[in-house]
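The lines below spell out each chain.
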Amino acid sequence: MNTALVTSAVILLAVVVIEAQRGITVLLVNLPAQARLSFSTASVTFPDADPTSTPLVASVPVDLTISVRARVQTNSQVTLTVQSTDDLRSGVTVLPASLITWTVTGSGFTGGTLSRSAPQLVGRWTGSGVRVGAQNYRFENRWTHPVGIYSATLVYTLASP
Amino acid sequence: MLWRALLLALGVLAAPAVASGQQLNLTISPLLVTFPTTDPDTAPVLSAPPVTVQYRVRGNGNRPWLLTVQASGDLISGLSRIPASAVTWVATPAPPFRAGTMSSTQAQTLAAGNGNVNPTTTGTVTFQLTNSWTYDAGLYLQTLTFTLSTP
C-alpha cells in the first residue's frame, strides 16, 4: 500500500516536469520526371581534305560535349539517341548519312553510325542524375564523293520509358 | 512509515509546483507545406511557403524555454528517399528563432529564450530543400514535429 502511494506520486511528478506542447506540419515535395539536354555547339563542320591522306575527317570542333540531366522514377532507364532527318544533301546530290560515325568519351555514352531511318543509341543510363560526355564525329572521305557543300540535321532524343 | 512516505511524496511534488503552473501554447500552420516544382538548374534550392509558428509561455519565471523541430524520417516516396538533412530553414525573428538543418534523429533548436512569452507571439519559418537532379521523381512526404518545452 505504502509502495503504491509513493509510486503514484513519482509518476505524477514525471508528468508535471516534462511539460511540452507539440504541433506538426507535413512537408510535401512533388518531383515530376524532368529532363534537360544541352550541347556545347549547335553545329559541326567537316573541312575539305584529301581522301588519300585523310580517309576519315574529324569534325570541327572535334568534341561535341553533351550534358544529359534527367530525373526519373527509381531505376528507370534513360536513353539518348540521334537520328539524321535525311541523308547528306548538296542540291540534288546525296551522300548516305551512314558515312558519318562517332566515337565517345564519358560513362554510359556509346559510339555508333548515323542513320536517317532509325534513331541510333548515343547513351544509356539507369536512374536520375547528370551525365556529361563528348561525341567525336567523323566523315568517311572518298574520291567518289561529288563536289558540293553537304548538310544534314541531326535530332537528339532524350527519353525515359 | 506511511506518513513519512506521504510527506516525502508531497515534498517532492511541492518542488515543481511552479512548473505545474506553466502554460505552454503552440500552434503551427499550415498543416501541409508544399514545395514548388522547379528543375534544379532553374532553382538549386526550393523554398516552401512560410510556416507560421504561434507560441506562448506563461508561468515560467526566468527559466529557459525551447522550441524544437524534428522530422519523423527522411522524405519518402515509395522506395525513394531524400535525406532529411536536405531540408534547411530560415526563421524570423532572430533571435529567438534561428536557422538550421533538419534531422530525423535529433530534435533541432528552432527558437530558444528565457522567461515568459506573453501574449502569443508569432514566428515565421521558411523551409528550403536542396534541389538535385539525382533525386528520383516522385511525391515525397514527411511529418515534422514542433515541440515547445521548458527543459
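Residues numbered from 1 in each chain as written. Chains lettered and ligands numbered in written order. Predicted model: local features only at pLDDT ≥ 70, side-chain atom pairs only at ≥ 80, totals over all residues. Heavy atoms only, no water.

## Notes on the overall build of chain A
Then comes step 1: Summing up its helical and strand segments, chain A has one helix and 12 strands in all.
Then comes step 2: Reading the secondary structure of chain A in the N-to-C direction produces α-β-β-β-β-β-β-β-β-β-β-β-β.
Then comes step 3: Among the 161 residues that make up chain A, the fraction classed as buried is 34%. (Helix = DSSP H or I, 4+ residues; strand = E, 2+ residues; numbered from the N terminus. Buried < 20%, exposed > 50% of the residue type's maximum accessible area, 1.4 Å probe, protein only.)

## Looking at the layout of surface pockets
Residue and element names in this part refer to chain A.
Then comes step 1: Within this model, the largest pocket holds a volume of roughly 940 Å³.
Then comes step 2: Along the wall of the largest pocket there are 34 residues; nearest its centre are Thr45, Phe46, Leu88, Phe139 and Tyr150.
Then comes step 3: Of all the elements in the fold, those that place two or more residues in the lining of the largest pocket are strand 11 (129–140) and strand 12 (154–159).
Then comes step 4: Along the lines of polarity and charge, the residues of the lining of the largest pocket split into 23 nonpolar, eight polar and three charged. (1 Å grid on protein atoms, 1.4 Å probe; cavity = no way out; pocket = protein on both sides within 12 Å on 5 of 7 lines; lining within 4 Å. Points joined across faces, edges and corners; volume = space filled by probe spheres on them. Nonpolar A, V, L, I, M, F, W, Y, C, P; charged D, E, K, R; others polar.)

## A few points about the pairing of strand 11 of chain A
Residue and element names in this part refer to chain A.
Then comes step 1: Sheet analysis places strand 3 (residues 56–58) next to strand 11, joined by three bridges and oriented antiparallel. From the neighbouring strand, valine 57 faces strand 11, where its bridge partner is phenylalanine 139.
Then comes step 2: Pairing geometry for strand 4 (residues 64–71) and strand 11, over seven bridges, is antiparallel. Its bridge partner lying in strand 11, serine 67 is registered against valine 132.
Then comes step 3: Bridge analysis of strand 8 (residues 100–105) against strand 11 gives six bridges, and the strand direction is antiparallel. For threonine 103, the partnering residue across the bridge sits in strand 11 and is asparagine 136. (Pairing = 2+ DSSP bridges.)

## Structural notes on the sheet that holds strand 10 (residues 120–126) of chain A
All names here are of chain A.
Then comes step 1: Read across the sheet, three strands follow the order 10-5-12 without closing on themselves; strand pairing throughout is antiparallel. Two strands in the sheet have a free side with no partner beyond their single neighbour: strand 10 and strand 12. Strand-to-strand, the axes of this sheet are offset by a mean angle of 10°, without reference to chain direction.
Then comes step 2: By the bridge criterion, six bridges tie strand 5 (residues 77–84) to strand 10 in an arrangement that is antiparallel. (Axes fitted to C-alpha atoms, helices over the stretch in contact; angles between N-to-C directions.)

## Considering the pattern of salt bridges
Then comes step 1: Using the criterion set out here, one finds six salt bridges over all chains in the structure.
Then comes step 2: Residue arginine 89 of chain A pairs with aspartate 86 of chain A through a salt bridge whose shortest N-O separation is 2.6 Å.
Then comes step 3: Residue aspartate 86 of chain A is classed as partly exposed on the basis of its relative accessible area, which comes to 24%.
Then comes step 4: Put simply, glutamate 140 of chain A and arginine 142 of chain A hold a salt bridge, and the shortest N to O gap is 2.5 Å.
Then comes step 5: If you follow the salt bridges from partner to partner, you end up with Arg36 and Arg69 of chain A together with Asp39 and Asp41 of chain B in one network. (Salt bridge = Lys/Arg side-chain N within 4 Å of Asp/Glu carboxyl O.)

## What about the confidence of the model for chain A?
Then comes step 1: Averaged over all residues, the pLDDT of chain A equals 90, while 88% of them reach at least 70.
Then comes step 2: Taken as a whole, residues 1–18 of chain A scores under 50 in pLDDT and shows 15 contacts with residues more than four places along the chain or in a different chain. (pLDDT = per-residue confidence, 0-100. Contact = heavy atoms within 4.5 Å.)

## Considering the environment of tyrosine 135 of chain B
Then comes step 1: With respect to the secondary-structure elements, tyrosine 135 of chain B resides in the loop between strand 11 (117–130) and strand 12 (138–149).
Then comes step 2: Separated by 84 residues in sequence, tyrosine 135 of chain B and valine 51 of chain B have C-alpha atoms that sit 24 Å apart.
Then comes step 3: Setting aside its immediate chain neighbours within four residues, tyrosine 135 of chain B contacts Leu31, Arg71 and Ser128 of chain A together with Ile82, Ala86, Leu129, Thr130 and Tyr140 of chain B.

## Some details on the side chain of serine 103 of chain B
Residues and elements named next belong to chain B.
Then comes step 1: The topology assignment puts serine 103 in the loop between strand 9 (100–101) and strand 10 (108–114).
Then comes step 2: For serine 103, a relative accessible area of 13% translates into the label buried.
Then comes step 3: At 3.1 Å, the side chain of serine 103 forms a polar contact with the backbone nitrogen of glutamine 106.
Then comes step 4: Serine 103 has contacts with Gln70, Ala71, Ala84 and Gln108, leaving out every residue within four places of it along the chain. (Polar contact = N/O pair within 3.5 Å; in protein donor to acceptor, adjacent residues only side chain to side chain.)

## Points about the packing of aromatic side chains
Residues and elements named next belong to chain B.
Then comes step 1: What the rule picks out here adds up to eight aromatic pairs over all chains.
Then comes step 2: Centre to centre, the rings of tyrosine 55 and phenylalanine 97 are 5.7 Å apart; their planes meet at 75°, and the pair counts as edge-to-face. Of the two residues, tyrosine 55 is situated in strand 4 (residues 51–58) and phenylalanine 97 in the loop between strand 8 (87–92) and strand 9; the sequence distance between them amounts to 42 residues.
Then comes step 3: Taking the relative accessible area as the measure of exposure, phenylalanine 97 reaches 2% and is therefore buried.
Then comes step 4: With centroids separated by 6.3 Å and ring planes inclined at 70°, the aromatic side chains of tryptophan 89 and phenylalanine 127 adopt a geometry described as edge-to-face. Highlighted residues: tryptophan 89 in strand 8 and phenylalanine 127 in strand 11, separated in sequence by 38 residues.
Then comes step 5: Residue phenylalanine 127 is classed as buried on the basis of its relative accessible area of 0%.
Then comes step 6: Through successive ring pairs, a cluster of aromatic residues spans Tyr55, Trp65 and Phe97. (Phe/Tyr/Trp six-rings, centres within 6.5 Å; stacked < 30°, edge-to-face > 60°.)

## With respect to unusual backbone geometry
Then comes step 1: With an omega of 0°, the peptide bond running from serine 29 of chain B to proline 30 of chain B counts as cis.
Then comes step 2: Here the bond from threonine 92 of chain B into proline 93 of chain B is cis, since omega is -5°, no more than 30 degrees from zero.
Then comes step 3: When you line up the elements, proline 93 of chain B lands in the loop between strand 8 and strand 9.
Then comes step 4: Residue asparagine 75 of chain A is not a glycine yet carries a positive backbone phi of 60°.
Then comes step 5: By secondary structure assignment, the location of asparagine 75 of chain A is in the loop between strand 4 and strand 5.
Then comes step 6: Look at asparagine 75 of chain A and you get exposed, because its relative accessible area is 59%.

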